[in-house]
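Chain by chain, the residues:
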Amino acid sequence: MSEETKSLNFIEQIIEEDLKSGKYTEIVTRFPPEPNGYLHIGHAKSIVLNFGLSQKYGGTTNLRFDDTNPIVEDIEYVESIMNDIHWLGYDWGGKEHYASDYFDQLYEFAQKLIKKGLAYVDDSTIEEIKEMRGTPTKPGIESPYRNRSVEENLDLFERMKNGEFEDGSKVLRAKIDMASPNMHLRDPIMYRIKNAFHHRTEDKWKIYPMYDFAHGQSDAIEQITHSICTLEFETHRPLYNWFIDKLEIFPSRQIEFARLNLNYTIMSKRKLLQLVEEEIVEGWNDPRMPTISGMRRRGYTPEAIRNFCNRIGVAKRENIVDVALLEFSVREHLNKIALRRMVVTEPVKLIITNYPDGQTEWFDIDNNPEDENAGTRKVPFSKEVYIEKSDFMIDPPKKFFRLGPGRSVRLKNAYKVTCDDYKLDDEGNVKEIYCTYHPNSKSGQPDTSGIKVKSTIHWVNVADAVPIQIRLYDRLFNDEAPDGHKDKDFMHFINHDSLKILDGYGEVNMKDATMEDKFQFLRMGYFTMDFESTADELVFNRTVTLKDAWAKSRGKK
RNA sequence: UGUCCCAUAGUGUAACGGUAGCACUACAGUUUUUGGUACUGUCUGUCGAGGUUCAAAUCCUCGUGGGACAACCA
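Scoring rules and cut-offs
Residues numbered from 1 in each chain as written. Chains lettered and ligands numbered in written order. Predicted model: local features only at pLDDT ≥ 70, side-chain atom pairs only at ≥ 80, totals over all residues. Heavy atoms only, no water. Core = buried A, V, L, I, M, F, W, Y, C linked by side-chain atoms within 4.5 Å. Buried < 20%, exposed > 50% of the residue type's maximum accessible area, 1.4 Å probe, protein only. Helix = DSSP H or I, 4+ residues; strand = E, 2+ residues; numbered from the N terminus. Domains from an automatic or database assignment. Contact = heavy atoms within 4.5 Å. Pairing = 2+ DSSP bridges. Axes fitted to C-alpha atoms, helices over the stretch in contact; angles between N-to-C directions. Phe/Tyr/Trp six-rings, centres within 6.5 Å; stacked < 30°, edge-to-face > 60°. Lys NZ or Arg CZ within 6 Å of the ring centre and 35° of its normal. 1 Å grid on protein atoms, 1.4 Å probe; cavity = no way out; pocket = protein on both sides within 12 Å on 5 of 7 lines; lining within 4 Å. Points joined across faces, edges and corners; volume = space filled by probe spheres on them. Nonpolar A, V, L, I, M, F, W, Y, C, P; charged D, E, K, R; others polar. Polar contact = N/O pair within 3.5 Å; in protein donor to acceptor, adjacent residues only side chain to side chain. Buried area = accessible area lost by both parts, 1.4 Å probe. Salt bridge = Lys/Arg side-chain N within 4 Å of Asp/Glu carboxyl O.

Glancing now at the nonpolar core. In terms of nonpolar packing, the biggest core is built from 39 residues, with Ile41, Ile85, Leu262, Ile305 and Phe308 touching the most fellow members. Elements that contribute at least two residues to this core include exactly α2 (41-57), β2 (59-65), α3 (75-88), α10 (292-298), α11 (302-312) and α12 (323-337). The leading source of residues in this core is α3, at six residues. Of the residues that make up this core, three or more belong to each of domain 1 (3-259) and domain 2 (269-339 + 468-554). Discounting residues that sit within four places of it in the chain, Leu262 has contacts with Ile41, Met267, Phe308, Ile320, Val321, Asp322, Val323 and Leu326. The next biggest cluster of nonpolar side chains, apart from the first, holds 34 residues, and it includes Tyr191, Trp205, Phe213 and Phe243.

Printed below as a string of structure tokens:
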């Protein structure tokens, strides 16, 4: 709430001016997805922007499905989209809108333009229209059908609607300027004939409006004050305004901002679909996908995604945001809410030779040192525990703080132990580690052992260890800009080691985990329970690693 | 040989004619029973050339670089 933190993006500035000048007393924004695919993190930016604006300034945000192309759209997508938006924490007042709700109104708008002599039916083929349009540097030429009479146009247009003509045989065009330097003003197509089944209007319509003759008009009908879209629609704006002007409808204002790009990530719906179809990933909700559903399954929280979207800002310049910022945003949130648990991902058995056979101690351990309200849990400890394979080295370098022959370490919340010996299996891997423990180093009590340790490691009691499948996800692409190469396809940069599955053990409390619970597996990262978990084996997805100075310094060598 | 948009540390984003700041990253250090967290510090920036002005990241001109536009897609 402090004054000095007030720094507005350019859209907020526009809105504040409109509010201050009295142009509007409250604002109406909209989020207008086409129901032809799943939402991804790029959509999240738009959602957070639009809903955030109406929350901040007072007003509403409509959810409107831009369903003007029945060929590619489906009810399945409208449901997933609504689900994702709700999960992100936004609500659209219970009633979603559809461009298809306005088809009758749009038809009347078109008739109005025809009557004004500003629209005409064109019988040219798709190729002819393309040919006559010219190029950005060469003016187009006018269609021979351009000067039909109002009566003829009205009649033809009605017959188009009635289904008298074949797909592609006619279109309705706005009569503007075939020589305009803006291609979108060269008599843009308003309606095309499609004998297709629409998921909502079913067989009612044989003609469907194009984006340019549906979007702005829908905005006007809903009295959207600020219609926020991405940069590629910039050149559509003159047409958007032309229709408002000629139709004399509510003057929504289109404002464009730069879409989100993330390094090591692709955002194109088409390419994401390819990953799904070629089974590079398991589906739209694969935890490696940048889709909302994928990130949810990966363990991201709505808060983290919202914070990320607010942090990246809104501007008009092209940008490529570092995924590190996304990862920071989840860690930041998960650090505060995730319960700590001890889970060993690559188990090696550690046997405490001087610990009494058959004895078990139960320690009270904090669920989350960052949150005193998180309470404690009881964790058993006895003679045999599992520790992480990577926490022991036969011949450790001097910067290695963990266990090795003759070295000591603290078992988290338990005792300090000193390694006396180890045993290898047939392949030369460490199979068992033998230690003595120091009873007077018991956690929570004055430590009189005199033993110095350089690190504390996590462990899991063997007797009641819970088998856990651990899915470690890495980035899907090895290249920072997988779709930014002219000579190489993005598929060339697929990281084929993006999923590693391990079978580990969790402390006894892991039995109580339920779907989508968030944990920090101590020293390993943040994890969430996957819906593929069964009674026999719990499955956990790694959302993100902890920052790991040790791993990083090793990686450099 | 078009029209439109854009240009600030490595990345993202502020500064609206008056001290170039914030976050992330990277690197150092302090604390730590997580090599986590927290905290401290360091490195690094106004695309170029002119002009206007007491004063320019900001306004103007010209360059340079990047992007969008030629679906009966959105």
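Spatial ordering of the open sheet is given by β1-β2-β3, a layout of three strands whose pairing is parallel. Either end of the sheet is taken by a strand with one partner, and the two such strands are β1 (27-31) and β3 (97-98). Across five bridges, β1 lies against β2 in parallel orientation. Counted as the bridge partner of Ile27 is Gly59 from β2. Packed onto the sheet, α2 meets β1 and β2 and runs at close to 165 degrees relative to β1. In the packing of α3 onto the sheet, the strands contacted are β1, β2 and β3, and the crossing angle to β2 comes to about 155 degrees.

Applying the stated criterion to the full structure yields 29 aromatic pairs. Among the aromatic residues, those joined into a ring-pair cluster are Phe103, Tyr107, Phe157, Tyr191, Trp205, Tyr208, Phe213, Trp242 and Phe243. Over the aromatic face of Tyr107 sits the side chain of Lys161, whose NZ or CZ is 4.6 Å from the ring centroid.

This part covers the layout of surface pockets. Reported here for the largest pocket is a volume of approximately 1300 Å³. Surrounding the largest pocket, 45 residues form its lining, Arg402, Arg523, Met524, Asp548 and Ala551 being those nearest its centre. At the level of secondary structure, the elements contributing two or more residues to the lining of the largest pocket comprise β13 (360-366), β19 (456-457), β21 (466-473), β22 (499-506) and α13 (549-555). When residues of the lining of the largest pocket are assigned to their parent elements, the largest contribution, five residues, is made by α13. For the lining of the largest pocket, the class distribution of residues is 16 nonpolar, nine polar and 20 charged. Residues from two domains meet in the lining of the largest pocket; each of domain 2 (269-339 + 468-554) and domain 3 (343-458) gives at least three.

Attention shifts here to the side chain of Asp187. Mapped onto the secondary structure, Asp187 falls in the loop between β5 (171-174) and β6 (189-193). Look at Asp187 and you get buried, because its relative accessible area is 0%. A polar contact is formed between the side chain of Asp187 and the side chain of Tyr120, at a distance of 2.6 Å. Excluding its chain neighbours within four sequence positions, the residues that come into contact with Asp187 are Tyr120, Arg146, Arg173, Ala174, Lys175, Ile176, Asp177 and Met178.

With that settled, consider the domain arrangement of chain A. Looking at chain A, the domain boundaries give domain 1 (3-259), domain 2 (269-339 + 468-554) and domain 3 (343-458). Taken together, the contact pairs 21 residues of domain 2 with 25 residues of domain 3. When domain 2 packs against domain 3, close to 1900 Å² is buried across both sides, 60% of that on carbon and sulfur atoms. For the interface between domain 2 and domain 3, the tally reads two salt bridges. Arg523 is paired through a salt bridge with Asp391; the nearest N and O atoms lie 2.2 Å apart.

Let us now look at the pattern of salt bridges. Proximity of charged atoms lets side chains of opposite charge pair with each other. A complete count under the given rule lists 38 salt bridges for this structure. Residue Glu152 pairs with Arg148 through a salt bridge whose shortest N-O separation is 3.6 Å. A relative accessible area of 34% means that Glu152 is categorised as partly exposed. Under the relative-accessibility criterion, Arg148 is labelled buried at 15%. Residue Arg288 is joined to Asp286 by a salt bridge in which the shortest nitrogen-to-oxygen separation is 2.9 Å.

Another aspect to go through is unusual backbone geometry. One non-glycine residue, Glu202, lies in the positive phi region at around 55 degrees. Looking at the secondary structure, you find Glu202 in the loop between β6 and β7 (207-209). Of note in the backbone geometry, Glu279 takes a positive phi value of approximately 55 degrees without being a glycine. The residue Glu279 is located in the loop between α9 (269-277) and α10 in this model. Judged by relative accessible area, Glu279 falls into the exposed class, the value being 66%.

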